[in-house]
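Structural overview for review
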Amino acid sequence: MSHLLSWVVFLPLIPIPLLFLLPKDKGKWLALAVTLADFVIGLPLILGFDRAMPGVSNPGEMQFVERATWIPSLGVEYYIGIDGLSVTMILLTLLIGVLAVLASWNIAKHEAGYWSMFLLLQTAMLGVFVSLDLILFFVFWEVMLFPMYFLIGIWGGPRRVYAAIKFFLYTLFGGVGMLLAFIAIWYYAPGQRTWDMIEILQRVSAGGHFNGPDIFGVEFAKMIFVVLFVGFAIKVPIFPFHTWLPDAHVEAPTAISVILAGVLLKMGTYGMLRINFTLFPEAFHWFRTFLVVLAVINIVYGALCALAQSDLKKMVAYSSVSHMGFILLGMAAATPQGMNGAMLQMFNHGTITAMLFLLVGVIYDRAHHRQIDGFGGMASVMPKFAALTSFAFMAAIGLPGLSGFVSELLILSGSFKVYQVATIIAGLGIIFGAGYMLWSYQRVFFGKVNEKYADFKDVNVIEVASLVPLLVIVVYLGIFPNNLIVFFEQSMNHISELLLAR
Amino acid sequence: MISMIPLVPILPLVGALIIGLFGKRIQATIGEFATGVLGCAMPGLAALISFGSFFELIARPATDRIIVSHLAPWVSVADFQVEWAFRYDPLSAMMLMIITGIGTLIHVYSMGYMHEDPSYWRFFSYINLFLGAMLLLVLGDNLLIMFLGWEGVGLCSYLLIGFWFNNPDYAYAGRKAFIVNRIGDLGFLTGMFTLILFSAANFEVVTLSFGELQGRMDTLAQYTLWGFPVLEVAAFCFFVGAIGKSAQIPLYVWLPDAMAGPTPVSALIHAATMVTAGVYMIARMYFMYSLAHFTLEFIAIIAALTCFFSATIGMAQFDIKKVLAYSTVSQLGYMFLAMGVGAYSAGTFHLLTHAAFKAALFMGSGSVIIAMHHEQDMRKMGGLLKKMPITGWAFIFATLAIMGFPGTSGFFSKDEILEKAFEESVWLWLVGFIVAGMTSFYMWRAVFMTFFGEFKGDHHTWEHCHEQPKRTVVPIAILAALALSLGFLNVPDFMGGDYSFSRYLSPVVKNLEEAQVHGMPDSIDGEQHAPVHAEEHGDLLIEVGLMVGSVTWTLLTAFLAYYLYLVNPKAREALMSRAGPQAVFKVLNNKYYVDEFYDLVVVGPLKKCYAFMGDFDKYVVDGAVNLAGYVGRGLGILAGFLDQHIVDGAVNEVAWASQTTGKGFSLLQSGRIQALVGATLVFFAAVLTVWIVYL
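As recorded in an unreviewed UniProt entry, chain B goes by the name NADH-quinone oxidoreductase subunit L.

In the annotation of an unreviewed UniProt entry, chain A is listed under the name Oxidoreductase. Under the UniProt heading Sequence similarities (unreviewed entry), the note attached to chain A is "Belongs to the complex I subunit 4 family."

The next thing to look at is the overall build of chain B. Secondary structure summary: chain B contains 31 helices and four strands in total. Buried positions account for 60% of the 695 residues belonging to chain B. Taking as baseline every contact in chain B between residues at least 6 positions apart, the subset at least 24 positions apart corresponds to 78%.

A cis geometry characterises the amide bond from V236(A) onward to P237(A), with omega recorded as -10 degrees. Examined against the element boundaries, P237(A) turns out to sit in the loop between helix 9 (220-235) and helix 10 (244-251). With an omega of 5 degrees, the peptide bond running from I249(B) to P250(B) counts as cis. Within the secondary structure layout, P250(B) lies in the loop between helix 8 (230-245) and helix 9 (254-257). Positive phi is not limited to glycine here, since F64(A) has a value of about 55 degrees. One non-glycine residue, E116(B), adopts positive backbone phi at about 70 degrees. Mapped onto the elements of the fold, E116(B) is located in the loop between helix 3 (90-113) and helix 4 (120-139).

As a packed pair, helix 17 (residues 403-416) of chain A and helix 6 (residues 168-202) of chain B sit with axes 9 Å apart at the nearest point and diverge in direction by 55 degrees. Classified by the angle between their axes, helix 17 of chain A and helix 6 of chain B sit oblique to one another. Here helix 17 of chain A and helix 6 of chain B pass one another in a crossing that is right-handed. Each of L409(A), L412(A), S413(A) and F416(A) in helix 17 of chain A lies in contact with helix 6 of chain B, whose residues at this interface are L189(B), T190(B), M192(B), F193(B), T194(B), I196(B) and L197(B). Here the contact of helix 17 of chain A with helix 6 of chain B is composed, by residue class, of eight nonpolar, three polar and no charged.

A word on the nonpolar core. One finds F229(A), L143(B), F238(B), M288(B) and Y289(B) to be the most contacted residues of the largest nonpolar core, which totals 451 residues. In contact with M288(B), not counting residues within four places along its chain, are L195(B), M217(B), L231(B), A234(B), A235(B) and F238(B).

A few words now on the UniProt feature "domain: NADH-Ubiquinone oxidoreductase (complex I) chain 5 N-terminal" (unreviewed entry) in chain B. Look at the UniProt record and you will see "domain: NADH-Ubiquinone oxidoreductase (complex I) chain 5 N-terminal" (unreviewed entry) annotated at residues 74-124 of chain B. Between the C-alpha atoms that bound residues 74-124 of chain B there is a distance of 29 Å. The span itself is 57% helix and 25% strand.

To continue, consider the side chain of R284(B). Structurally, R284(B) is set in helix 11 (residues 277-284). With near-sequence residues (within four places) excluded, R284(B) lies in contact with R87(B), D89(B), L91(B), S92(B), V138(B), M146(B) and F210(B).

Here we come to the pairing of strand 1 (residues 63-71) of chain A. All names here are of chain A. Here six bridges tie strand 1 to strand 2 (residues 76-82), and the two strands are oriented antiparallel to one another. Across the sheet, the residue bridging to I71 is V76, located in strand 2. If you look at the hairpin formed by strand 1 and strand 2, you'll find four residues sitting between the two strands, and G75 has a positive phi there, around 75 degrees.

Under the criterion given, the structure shown has 84 aromatic pairs over all chains. On the basis of an interplanar angle of 85 degrees and a centroid distance of 6.5 Å, the ring pair of F416(A) and W226(B) is categorised as edge-to-face. With F416(A) in helix 17 and W226(B) in the loop between strand 3 (224-225) and strand 4 (228-229), this residue pair bridges two chains. Taking relative accessible area as the criterion, F416(A) reaches 0% and is therefore assigned buried. Aromatic rings pair up to connect W186(A), Y187(A), Y188(A), W195(A), F210(A), F220(A) and F280(A) into one cluster. We note R193(A) situated over the ring of W186(A); from NZ or CZ to the ring centre the distance is 5.7 Å. Over the aromatic face of F318(B) sits the side chain of R379(B), whose NZ or CZ is 3.7 Å from the ring centroid.

Residue and element names in this part refer to chain A. Contact geometry for helix 12 (residues 281-308) and helix 18 (residues 420-445): axes closest at 8 Å, N-to-C directions at 20 degrees. Looking at the two axes, helix 12 sits roughly parallel to helix 18. Along this stretch, helix 12 crosses helix 18, giving a crossing that reads as left-handed. Within the contact between the two elements, helix 12 uses V292, V296, I299, V300, A303, L304, A306 and L307 and helix 18 uses A422, I425, A426, G429, F432, G435, Y436 and W439. Looking at the contact of helix 12 with helix 18 residue by residue, the class counts come to 14 nonpolar, two polar and no charged.

At the interface, 89 residues of chain A touch 72 residues of chain B. Approximately 7000 Å² of surface area, both sides summed, lies buried where chain A meets chain B, with 76% of it carried by carbon and sulfur atoms. Interface area lost by chain A to chain B is led by Y162(A), F416(A) and I431(A), which between them contribute 8%. If you look at where chain A meets chain B, you find one salt bridge. Here K166(A) makes a salt bridge to D622(B), at a shortest N to O gap of 2.5 Å. In terms of residue count, the dominant contributor to the side of chain A that touches chain B is helix 18 of chain A (15 residues). Residues that form the side of chain A that touches chain B fall into these classes: 60 nonpolar, 21 polar and eight charged.

Mapped onto this numbering, the UniProt entry annotates "domain: NADH:quinone oxidoreductase/Mrp antiporter transmembrane" (unreviewed entry) at residues 131-428 of chain A. Taken end to end, residues 131-428 of chain A is 78% helix and 0% strand, and its two terminal C-alpha atoms sit 37 Å from one another.

What follows covers helix 17 (residues 389-403) of chain B. All names here are of chain B. Between its first and last C-alpha, helix 17 extends 21 Å over 15 residues, near the 21 Å set by a 1.5 Å rise per residue. Most of helix 17 is tucked away, with eleven of its 15 residues classed as buried. By the burial criterion, the buried members of helix 17 are T391, G392, A394, F395, I396, A398, T399, L400, A401, I402 and M403. Positive backbone phi, approximately 85 degrees, marks G404, located one or two places after helix 17.

Here we take up the pattern of salt bridges. In the structure shown here, the tally under the stated rule is 23 salt bridges over all chains. Residue R182(B) is joined to E151(B) by a salt bridge in which the shortest nitrogen-to-oxygen separation is 2.7 Å. In this pair, R182(B) is assigned in helix 6 and E151(B) in helix 5 (residues 143-161), connecting sequence segments 31 residues apart. What you see here is one network of salt bridges that share partners, running through R159(A), K166(A), D247(A) and D622(B).

The rules behind these values
- Residues numbered from 1 in each chain as written.
- Chains lettered and ligands numbered in written order.
- Predicted model: local features only at pLDDT ≥ 70, side-chain atom pairs only at ≥ 80, totals over all residues.
- Heavy atoms only, no water.
- UniProt positions renumbered as here; feature names shortened; annotations may be inferred.
- Helix = DSSP H or I, 4+ residues; strand = E, 2+ residues; numbered from the N terminus.
- Buried < 20%, exposed > 50% of the residue type's maximum accessible area, 1.4 Å probe, protein only.
- Contact = heavy atoms within 4.5 Å.
- Axes fitted to C-alpha atoms, helices over the stretch in contact; angles between N-to-C directions.
- Parallel < 35°, antiparallel > 145°, perpendicular 65-115°, else oblique.
- Left-handed = near helix turned anticlockwise from the far one by under 90°.
- Nonpolar A, V, L, I, M, F, W, Y, C, P; charged D, E, K, R; others polar.
- Core = buried A, V, L, I, M, F, W, Y, C linked by side-chain atoms within 4.5 Å.
- Pairing = 2+ DSSP bridges.
- Phe/Tyr/Trp six-rings, centres within 6.5 Å; stacked < 30°, edge-to-face > 60°.
- Lys NZ or Arg CZ within 6 Å of the ring centre and 35° of its normal.
- Buried area = accessible area lost by both parts, 1.4 Å probe.
- Salt bridge = Lys/Arg side-chain N within 4 Å of Asp/Glu carboxyl O.
- Expected span 1.5 Å × (residues − 1).

See below:
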């Protein structure tokens, strides 16, 4: 099939009109069918992907490329294609999409609106991961905000409006800077002006330089680097830009939290790899030590904040802050292990955190609150739920044999080669991680049974169906991580070379 | 049989999976007994393979006793290429037999011990999982698989300590064990990273396999990290891991609390196998430790301190399992003392004998506890030998072994450690010697309080107290017999033996002195480098003198226990009523207040720290964000020409509880859903148009 990639990206949009014709409660079936179909037509992308081609800075090595003029007067193109970096994220997005539909099975408010926003979000996220044109990337990036804003603001919890606006404004703030930076990149690109990020990267890696002027007394490259970094860092999120995340998570409905943590956060680190770091390798080196500091702060500070939370979902949200710090650490180290570990962590964090949010949703659906101290002895009441949760918590703690361990190991061993002390401090995050996970687990599941909740039903079929695929993936990638690593290893090694060559 | 070695860890793991998934149903439909048999089946099979392979192994020539099976790649990124591979050699063969042998016995014992527990199936699932993890730990051919097992056993320990999780104290003890172990694990990881760093810098590929590491030691020895030799740093870091896992000072605090778990768990995990993982790890990487003299000395000192302090605490406990727990910490100290003076085979041998006698002691105590209706306080026991002769005698034989009574297993293993310590330093020996007497004292104290004298509990318990069924006592009896006899595996030459155990290990574990004599460390050439013995260095007279000395000393303290607890309790009471001894006793009984100390200097400040961070995040970092919102709002009002919506947005952001928010968004939620839908449709149509046009 030609235009396969476009089909994968835009398929979720096609049934949106249908949603408004169908009876209300059929929307979820349609959404399930569409996300599943998207997954299925996405499979040829993944199976047909040539793993030997690094892509990244070689236009000829981008795969499933589609290219057409979009806005001729500005030279903007509809230019999409994938390499090892994108294919992993596409797989994750397609997978999380299906499971998030299952997690929204109980949505009973403006269903048609919900599902149309949901599917639009899916397209926007996929679009970000395939765009090779700066403006196209930016459009998808901003389009993603729009459904997300409504999904939190309408279907969220009690403080949903505050959370939605905070999320929107914060990301928009980063986005405005990003747009200005993109324009600057286009304007001062080495050689001919172009929005083609792969082309520019090729020129940069061939020794080309941005010939822009100093901005506010700061070198052009450094300034643009920092502006871009802030834009992406907000999304990751990186300290001190992270406070929208706990609010957004706490207010968002379960499925949206799953997507937010599972996929959206990775758009930040993806952007850093694709645009921010690689286009400005010198600025990256200038900024590198600070990146490591930020990464370590994220890891340790996030873990400490997680310890302080009394709301289960907020605890998981802060654990995301901590785990995303590992990704930044691996990328800052830029060694092959660090880079591959970061990419693997992007995928693993997606699956593991999705599990965590799904599980929090299970208990919230029943108790209508998430106070860690408000439960007790739930392991006796809901044994299957307790077993699944302990599995997910252990995966989040990084237990060897499960997927999270492999990525954290690669990141830490990769960063130890460059920053020994920082790595050891980051290791403290692992200890604190065990602390907050086990402590909250103990308070919810162990001890005397809370009589109020003694009649809770254990997990149902839909909930199990959304959790088991993730469980299988987490185990499988813990034992055979290579089967995923091969997809991006060439790309990540190439990025590592690009960054360390300077 | 040797070709079936990879099945050894896999079988119990499969067992854990089957019981974990279907155990509840099996227990409900077929019955408890079937669940138990299923639980014992996989460990039993694993034991068969282990013992069968062992006999094949010793039939091979000594130079051909390392069998590595490569199964599949695990993690491969650039030069980092770690595989799934198992290493079967004399050291892991021995560990395999300890783990599967004692493991199977304890599984059988548990069928009786866990009888009528509603979560019977869960117990067998966990303990199968434990066996699988422990077997991975010892069979792993590289550090990463060892670490997998290392953390895996920690997980099972956590699950099993908190097995009766409705009791918050037990759940707490499990968590404490896991987190304290994690602190050690960070050391293990750092050690591993150090080796990776310098290995990758000098060689093309890093597989972390033990064979590869051994060959690279000479290269790595030339480098320094943070001003210290790399191997010292790495060895030290790995030892930090061992401190956690094997409960040495200062991380030993989790082990006594771990006794909250069911007693078979204490016997298997917290005495015979998991806690000895640190000792095993040093034996496995003896080639690195032999080049890290500073770390070795450090290990010896830590070990001596641990050995001494935990023995003193053990003398002042009343809970029978706590006595055994501190005794375990103390005996682990002996093992590390041997490792620290470079007598790796002696330490490993003590690991073996200790596994037998300590498992017997724990299982005996478990039998008593069940008979006493879950009473663990020895002050409420007494005279139980009459009621429970098999348990009682097995306990007494195991006590003979731990005190080092001539001819028993503990005699040979402890004596060798003391002798090697003496060669290294008189002070280390002296500590070990004193502790030997204390060990004898507290163990006989436990025996006399439990099995002799008058029964001190209530009448009802005494009436119902009886010997346990066969499936409980037979495993105890077998282990007690082993505790008495295993010592003959390593009879020293001056007593007519030939150190057969050390000789057996020597192809893979060479003691420090041999290594120094024969040069390091690449050759794996077995018997021509048979152990070098004391005759070549020291004096036969000293050896015999040391031996006679410690035997006399342990007999004396045993007699003291006999006198104070059986013959003349009045004398003891008189002594204890004085202020001085009472104060000492109180300190010991409260374990030197170490837990309280940690609460004060670590846990307390940490709690304050994270509470502060939580508030900092909420009020300072997020406060700044909200302040930005306020400023935006203020500017908006002042300037008045800013776009209404942006201002509105800023207002909303700031005043999260205000009516402004409600007003702004009630529009959206009520009437304007159509607008939203419309917007979506417009966007959709636009995209579709563009798409159709150019496709």
